[in-house]
Amino acid sequence: MSGTTAVKAALQAQRIETPSWGFGNSGTRFKVFAQQGVPRDPFEKLADAAQVHAATGVAPTVSLHIPWDKVDDYAALAAHAADVGVRIGMINSNTFQDDAYRLGSVAHPDAAVRRRAVDHLLECVDIMDATGSDSLKLWFADGTNYPGQDDIAARQDRLAEALARVYDRLGEGQRMVLEYKLFEPAFYTTDVPDWGTAYAHCLKLGPKAKVVVDTGHHAPGTNIEFIVAILLREGRLGAFDFNSRFYADDDLMVGAADPFQLFRILHAVRAGGGFDPAAGVAFMLDQCHNIEPKIPAMIRSVLNVQEATAKALLVDADALRTAQLAGDVLGANAVLMDAYNTDVRPLLAELREEMGLDPNPVAAYQAGGYAEKIVAERVGGTQAGWGA
Ligand code: AOS
Ligand code: ZN
Ligand code: ZN
């Protein structure tokens, strides 16, 4: 295989998962700007996600969020996904929106609240069984706001106990992925604030527990590619939640704020063997499109990941190794920058044509009439939103 053919093959094999909640209305705590044609239920969210896959050819799975995507019949939801051309991806739990969780969920001081949270997580595994999903995605809003509010280590013990109960319930071929976040909604301590804490819990649990790196969940200046390299080296990188940020957890389109950082992260993925499907890394988008139209924004995001991936794949690995071993600092850096500065859009356009797709997926979606159709059809009912 020539270099370009291998790069194209890797790009064609890459899978990028979209989030059901990215198709619903969203906003900040100041205002949710409603958009016309937004899905009214999980079935319509899957139909919108299928448009992203149809346009890009690499986004065949959709993350669900429970209870935002609660339905009576999950097998029917999975069948609907297949009908529209996608599959159910990760099941995201929610232990942050009930009044009971004011002081936390799995780390709450009250055992009854912890039980309620664990019951929800176990229900999510039932939903994995019913939908064929292989991953339970855990993000906990647990933490404290004031020094002295609760015992830091005791909260870790409670968290570990809850995680172990859920881990034991996982079936054959199922896994859990644990996401960390520096702060928000808790402002003094967060119970899973960083990759080290997540990794420590995963290590204790066993090989079916892996870490999720959400690119918006670090302190400014954090070297995310270093974290990625370490987790891959330890076989514990479970998934990415891709998005981009200027300040905190902005959840903007991936690659919008800092395309060079995205490239560096994906270079670390490639160097650590993370593009090999056997590595089991899920490339997920965790974004909210507050002011931009949602489906084209999701398509744009997929393209941004593809462009950064293509550049990472174009890094001349042999030349890089030679320069590194020779101590050629400038030469090694130049190899990386040459790849980053390559315009990969013609290569991706060519690949799409080879895949029978329109070379310009955003334009193809916009010309297809789907946006007008959903605005006309989706009247009545309540439009789904972040949190509903
Ligand atoms: C929260 O900040 C995390 O990024 C979560 O991954 C996610 O956005 C939330 O659970 C919605 O599903
Ligand atoms: Zn996330
Ligand atoms: Zn987040």
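Residues numbered from 1 in each chain as written. Chains lettered and ligands numbered in written order. Predicted model: local features only at pLDDT ≥ 70, side-chain atom pairs only at ≥ 80, totals over all residues.

### Remarks on the environment of Lys 311
And step 1. Position of Lys 311 relative to the elements: it lies in helix 9 (residues 294–314).
And step 2. Taking the C-alpha atoms as reference points, Lys 311 and Asn 341, 30 residues apart in sequence, are found 8.0 Å from one another.
And step 3. Residue contacts for Lys 311: discarding those within four places in its chain leaves Phe 263, Ala 339, Tyr 340, Thr 342 and Val 344. (Helix = DSSP H or I, 4+ residues; strand = E, 2+ residues; numbered from the N terminus. Contact = placed C-beta atoms within 7 Å.)

### Quick word on unusual backbone geometry
Residues apart from glycine generally show negative phi values, whereas peptide bonds are mostly found in trans.
And step 1. That bond from Ile 66 to Pro 67 is cis: its omega, 20°, falls within 30 degrees of zero.
And step 2. Topologically, Pro 67 is positioned in the loop between strand 2 (61–65) and helix 3 (74–84).
And step 3. The amide bond that connects Glu 184 to the next residue, Pro 185, takes the cis arrangement and shows omega of 10°.
And step 4. By the element assignment, Pro 185 lies in the loop between strand 6 (175–179) and strand 7 (189–190).
And step 5. The residue Glu 184 is located in the loop between strand 6 and strand 7 in this model.
And step 6. Its 12 C-beta neighbours within 10 Å are what place Glu 184 among the exposed residues.
And step 7. The phi torsion at Asp 251 lies on the positive side, around 55°, for a residue other than glycine. (Buried ≥ 20, exposed ≤ 12 C-beta atoms within 10 Å, placed from the backbone.)

### Points about the UniProt feature "domain: Xylose isomerase-like TIM barrel" (unreviewed entry) in the protein
And step 1. The residues that UniProt annotates with the feature "domain: Xylose isomerase-like TIM barrel" (unreviewed entry) are residues 66–250.
And step 2. The straight-line gap between the two end C-alpha atoms of residues 66–250 is 22 Å; of that span, 38% is helix and 17% is strand. (UniProt positions renumbered as here; feature names shortened; annotations may be inferred.)

### A few points about the environment of Ala 371
And step 1. Relative to the assigned elements, Ala 371 resides in helix 14 (residues 370–377).
And step 2. Overall, Ala 371 belongs to the partly exposed group, with 19 C-beta atoms counted inside 10 Å.
And step 3. Measuring from C-alpha to C-alpha, the distance between Ala 371 and Ala 9 comes to 31 Å, with 362 residues separating the pair along the chain.
And step 4. Ignoring anything within four residues of it in the chain, the contact list for Ala 371 reads Gly 37, Ile 295 and Gln 366.

### Some points on the confidence of the model for the protein
And step 1. Looking at the protein as a whole, its pLDDT mean stands at 97, while 99% of the residues score no less than 70.
And step 2. Across the assembled chains, the prediction reports ipTM 0.96 with pTM 0.97. (pLDDT = per-residue confidence, 0-100.)

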